[in-house]
Amino acid sequence: MDSLFIRGGVKLEGEVSVSGSKNACLPMFAAALLTPEKCVIKNVPNLSDVRSMAEIIRSLGARCENIEEGTWEIEAREISCTAPYELVRKMRASICVLGPLVARLRKAKVSLPGGCVIGARPVDLHIKGMKCLGCSVEIESGYICVDARKIRGAQIYLGGRFGSTVTGTSNVLMAATLAPGSTIIENAACEPEISDLCKMLVGMGAKIEGIGSPTLCVTGVASLGGTAHSVIPDRIEAGTWIAAALATRGKVLVRGALKKHLGSFLDILERAECPFETRGSSSIYVDASGASYRPVEAVTLPYPGFPTDLQAQVCALMTQAKGISIVTERIYPERFMHVPELARMGAEISREGSSAIISGGRKLSGTHVMASDLRASAALVIAALAAKGETLIQRIYHLDRGYDSMDKKLAALGAKVERRKSSE
Ligand code: EPZ
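Residues numbered from 1 in each chain as written. Predicted model: local features only at pLDDT ≥ 70, side-chain atom pairs only at ≥ 80, totals over all residues. Heavy atoms only, no water.

Draft legend 1. Representation of the overall build of the protein chain. The helix and strand inventory of the protein chain stands at 14 helices and 24 strands. For a compact globule of 424 residues, the expected C-alpha radius of gyration is about 22 Å, and the protein chain comes in at 21 Å, within 12% of that figure. With the principal axes as the frame, the protein chain shows a C-alpha extent of 60 × 45 × 40 Å. Counting across all 424 residues of the protein chain, residues that qualify as buried make up 59%. Carbon and sulfur atoms form 48% of the exposed surface of the protein chain, whose accessible area is close to 16,100 Å². (Helix = DSSP H or I, 4+ residues; strand = E, 2+ residues; numbered from the N terminus. Rg over C-alpha atoms; globule rule 2.2 N^0.38 Å. Buried < 20%, exposed > 50% of the residue type's maximum accessible area, 1.4 Å probe, protein only. Areas by Shrake-Rupley, 256 points an atom, 1.4 Å probe, with all protein chains shown as cover.)

Spelled out as structure tokens, the structure:
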């Protein structure tokens, strides 16, 4: 297991380009199962999660090839209906094959994804959606078994106690594209990744209205065709780079940071008096030399609210703001694996229920820390860059799941960073 060695105290300087969105492209790989024709997906990031999804798509019988950097071809001529545990357990997003299998084959057997360090990760809303569409759903030996021979359009309220569900919306949406009749999904997730999926599905011939709104209207069609689609930039990667530039008091142009996707995050930065400016619609420039920040209160919410996937990174940044910040997690109340590790670096941070209380302003100091999940790992990178001294972040395979070439991009911004093999 590789580690990332960072010598802190260096201001990041230069330009960084955001890769394609992990959370947009993963359901798109699944969407290609809806047709026997070829789908071409471009601007796909080079991530281990993408390779895991490709493995699942192949295990179902489809051709799934990375034909050139950032471009994948998927051709699902003949596919089976079973997604096995040994592949699904690796990555929660595997659940996104459920909807396409139900739609295309009128049956599916998909392993329950299991939980992870950020929370239980239930799929009750996914199952509710399938049942509302007229499918019979049984849980047998850890598998979701769906008989969709009687599938038909329906009106579905898909909200849960934590709000909307992103992959749940993807699954119900994709199932509905080939379901006879019309489907209305209420309290659908509005994340940009869902809108991007809708655009791909429309390119395949799906009939979807209300794209970007919490009410999606789908008119089922008899079949879907192939398409070519380019993935939107990753707004969470963009926010991570902005936070890193601010934490190191650097000067960084983040290309691919779409202002329209980052509104709630930029609002937090404005309240913290962080210096940044938007450059056109798709870049954000940070010049934070000599800057000092104000403490903030922030609460994660479904889009367009403050994204839970940037919560850990904001905690790391707020260690640099003199005063008391309170960051509250409303999506995954347990998502605080970064708190004890930041404390090991000298941060005055503690967890109170579903909030992190940060008394910022003290200089962090480098040490050995352990990555635990994708976004907590990103928070440790931000803290290590700002800290005095050297930090070794172990188990950075977590980072490789969701950040394309992060060490290379950091080095290009002047960071003193070195990827070390576990043998070193
Ligand atoms: C997606 O996960 C993202 N992953 C997550 O990003 C992201 O944190 C999450 O949405 C919230 O924005 C992908 O898109 C691949 P949810 P998803 O269903 O769809 C509860 C990252 O770091 N819920 O929107 O699995 C759930 O427990 C990852 O890139 C139910 O109760 O999340 C959570 O509290 C981490 N029942 C809330 O809803 C369900 O059936 C939101 O979950 C489904 C979800």
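Draft legend 2. Structural view of the sheet that holds strand β17 (residues 283–287). Strand order in the open sheet formed by four strands is β2-β15-β17-β16, and the pairing between neighbours is mixed. The open sheet has two edge strands with one neighbour each: β2 (13–17) and β16 (276–279). Each neighbouring strand pair of the sheet contributes to a mean axis angle of 15 degrees, computed without reference to strand direction. Two elements, β2 and strand β15 (residues 251–255), share five bridges in a ladder whose sense is parallel. Across the sheet, Val16 pairs through a bridge with Val254, a residue of β15. (Pairing = 2+ DSSP bridges. Axes fitted to C-alpha atoms, helices over the stretch in contact; angles between N-to-C directions.)

Draft legend 3. Broad picture of the site of the ligand. Taken together, 23 residues sit near the ligand, with Leu125, Thr165, Thr167, Asp309 and Ile331 positioned nearest. Separating a nitrogen atom of the ligand from a side-chain N or O atom of Asp124 is a distance of 2.7 Å. Between the ligand and Arg375 there is a distance of 2.8 Å, counted from an oxygen atom to a side-chain nitrogen or oxygen. Considering the ligand on its own, with 820 Å² of exposed area, one finds that the protein chains cover 92% of that surface. Every element with two or more residues in the shell around the ligand is listed here: α1 (22–31), α5 (124–132), α6 (166–177) and α12 (374–386). No other element matches the three residues that α5 contributes to the shell around the ligand. Residue classes in the shell around the ligand are distributed as 10 nonpolar, six polar and seven charged. (Near = heavy atom within 4 Å. Polar contact = N/O pair within 3.5 Å; in protein donor to acceptor, adjacent residues only side chain to side chain. Nonpolar A, V, L, I, M, F, W, Y, C, P; charged D, E, K, R; others polar.)

Draft legend 4. Summary view of the sheet that holds strand β8 (residues 136–140). Read across the open sheet, the four strands follow the order β6-β7-β9-β8; overall the sheet is mixed. The open sheet terminates on both sides in strands that have one partner only, identified here as β6 (82–83) and β8. Bridge count between β6 and strand β7 (residues 107–111): two bridges; the pairing is parallel. Each bridged residue has a counterpart across the sheet, and for Thr82 the counterpart in β7 is Lys109. Where helix α4 (residues 98–105) meets the sheet, it contacts β7 and β9 (143–147), and its direction lies at approximately 160 degrees from that of β7. (Contact = heavy atoms within 4.5 Å.)

Draft legend 5. A look at the packing of helix α10 (residues 311–318) against α12. Interaxial distance between α10 and α12 falls to 7 Å at its minimum, and their mutual angle equals 20 degrees. Considering the angle they form, α10 stands roughly parallel to α12. Of the two elements, α10 crosses α12, and the hand of that crossing is right-handed. Residue-level inspection shows Ala312, Gln313 and Ala316 of α10 in contact with α12, the latter providing Arg375, Ala376, Ala378, Ala379, Ile382 and Ala383. Taken together, the residues of the contact of α10 with α12 break down into seven nonpolar, one polar and one charged. (Parallel < 35°, antiparallel > 145°, perpendicular 65-115°, else oblique. Left-handed = near helix turned anticlockwise from the far one by under 90°.)

These figures capture arrangement, not role.
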